[in-house]
Structure formats: C-alpha cells, structure tokens
Amino acid sequence: MSINSAKMWCLCWLVYMPMSYLYGKRFVGPIVPLMLELRKELFLLPYNEIKWQNVCHLCAKEDLYYPHPLIPDLMWDSLYICIEPLLTCWPFNKLRQKALEVTMKHIHYEDENGR
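Residues numbered from 1 in each chain as written. Predicted model: local features only at pLDDT ≥ 70, side-chain atom pairs only at ≥ 80, totals over all residues. Heavy atoms only, no water.

**A few points about the layout of surface pockets**
Part 1 of the reasoning: Empty space within the largest pocket amounts to approximately 190 Å³.
Part 2 of the reasoning: Phe 43, Leu 44, Leu 45, Ile 50, Trp 52, Val 55, Cys 56 and Leu 58 are the residues that line the largest pocket.
Part 3 of the reasoning: Of the residues contributing to the lining of the largest pocket, the split by class is 8 nonpolar, no polar and no charged. (1 Å grid on protein atoms, 1.4 Å probe; cavity = no way out; pocket = protein on both sides within 12 Å on 5 of 7 lines; lining within 4 Å. Points joined across faces, edges and corners; volume = space filled by probe spheres on them. Nonpolar A, V, L, I, M, F, W, Y, C, P; charged D, E, K, R; others polar.)

**Observations concerning unusual backbone geometry**
Part 1 of the reasoning: In this chain, Trp 90 is followed by Pro 91 through a cis amide linkage whose omega measures -5°.
Part 2 of the reasoning: When you line up the elements, Pro 91 lands in the loop between helix H4 (70-86) and helix H5 (92-113).
Part 3 of the reasoning: If you check the backbone angles, Arg 26 has positive phi at about 60° while not being a glycine.
Part 4 of the reasoning: Of note, Arg 26 is situated in the loop between helix H1 (5-25) and helix H2 (33-42). (Helix = DSSP H or I, 4+ residues; strand = E, 2+ residues; numbered from the N terminus.)

**Considering H4**
Part 1 of the reasoning: Compared with the 24 Å implied by 1.5 Å per residue over 17 residues, the 24 Å span of H4 between its first and last C-alpha is a close match.
Part 2 of the reasoning: The sharpest bend along H4 comes to roughly 30°, located at Tyr 80. (Expected span 1.5 Å × (residues − 1). Bend = angle between axes of the 7 residues up to and from the residue.)

**As for the confidence of the model for the protein chain**
Part 1 of the reasoning: Of the residues in the protein chain, 90% reach a pLDDT of 70 or more, and the chain-wide mean stands at 83.
Part 2 of the reasoning: Within the protein chain, H2 carries the highest mean pLDDT (93), whereas H1 carries the lowest (77). (pLDDT = per-residue confidence, 0-100.)

**Considerations on H5**
Part 1 of the reasoning: The first and last C-alpha atoms of H5 sit 32 Å apart over 22 residues, in line with the 32 Å expected at 1.5 Å per residue.
Part 2 of the reasoning: All buried positions along H5 are accounted for by Arg 96, Leu 100, Thr 103 and Ile 107. Axial view of H5: buried residues confined to an arc of 65°, hence all on one face. In H5, the exposed positions angled more than 90 degrees off the buried face are occupied by Lys 94, Leu 95, Lys 105, Tyr 109 and Glu 112. (Buried < 20%, exposed > 50% of the residue type's maximum accessible area, 1.4 Å probe, protein only. Arc of directions from axis to C-beta.)

Here's what the structure looks like:
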C-alpha cells in the first residue's frame, strides 16, 4: 500500500473531526480509579495543582524538533486568554453551537458513507 497524501488527509479528517467536537463541547469523561493512578504516575505534581497555562509549551527535548518561536507562542497564548472566554458569552456561544452542529453533520455523513 502506498502512502498517498489524499489518503492521509482522509485519515486526519476522520480523527480530528470527532476530537474537535469533543473539545468544542468541553467533554469531560468520568474520573475512574485507573485515571487517578495514571495521573499519579505520569505527573510530578499533584494533578489538581498543575498550572496548565504555565506548562502548555513545555516539551521533552527529545520531542522538540525545533525550538518554538516566541511570536507564535505569544499569539496562541493571547488567543487562548482573550478569545476563548469570549466564545463562551452570548452571541459568540451561538457561533460555537452552530459550528458543533455542522461538525456533527460531517461526522454522521462520514459514518453513513464510509461503510
């Protein structure tokens, strides 16, 4: 089987559409004992004490192919700090709701036609 960029696009589409829907819905699964054990094993600090905004750009040196430029990091941080709270207020939450509806239509379309 050859790797074709068109096939890769399809696979990315199938993965990222449901992930974007879950992110847009702010989905949080149930906290089960296994998850609590994994949190203790994976994180150095207790999970509830981690300041996620401070560590979101940290990456292991083995996984960092090139250093993050300052400008994109500042841009992403400012978008998260300024725009994300706006999207939860009226009338912007209606835009998010409409985007979630369109995303779900795409997911159902892929389910029906991908069989």
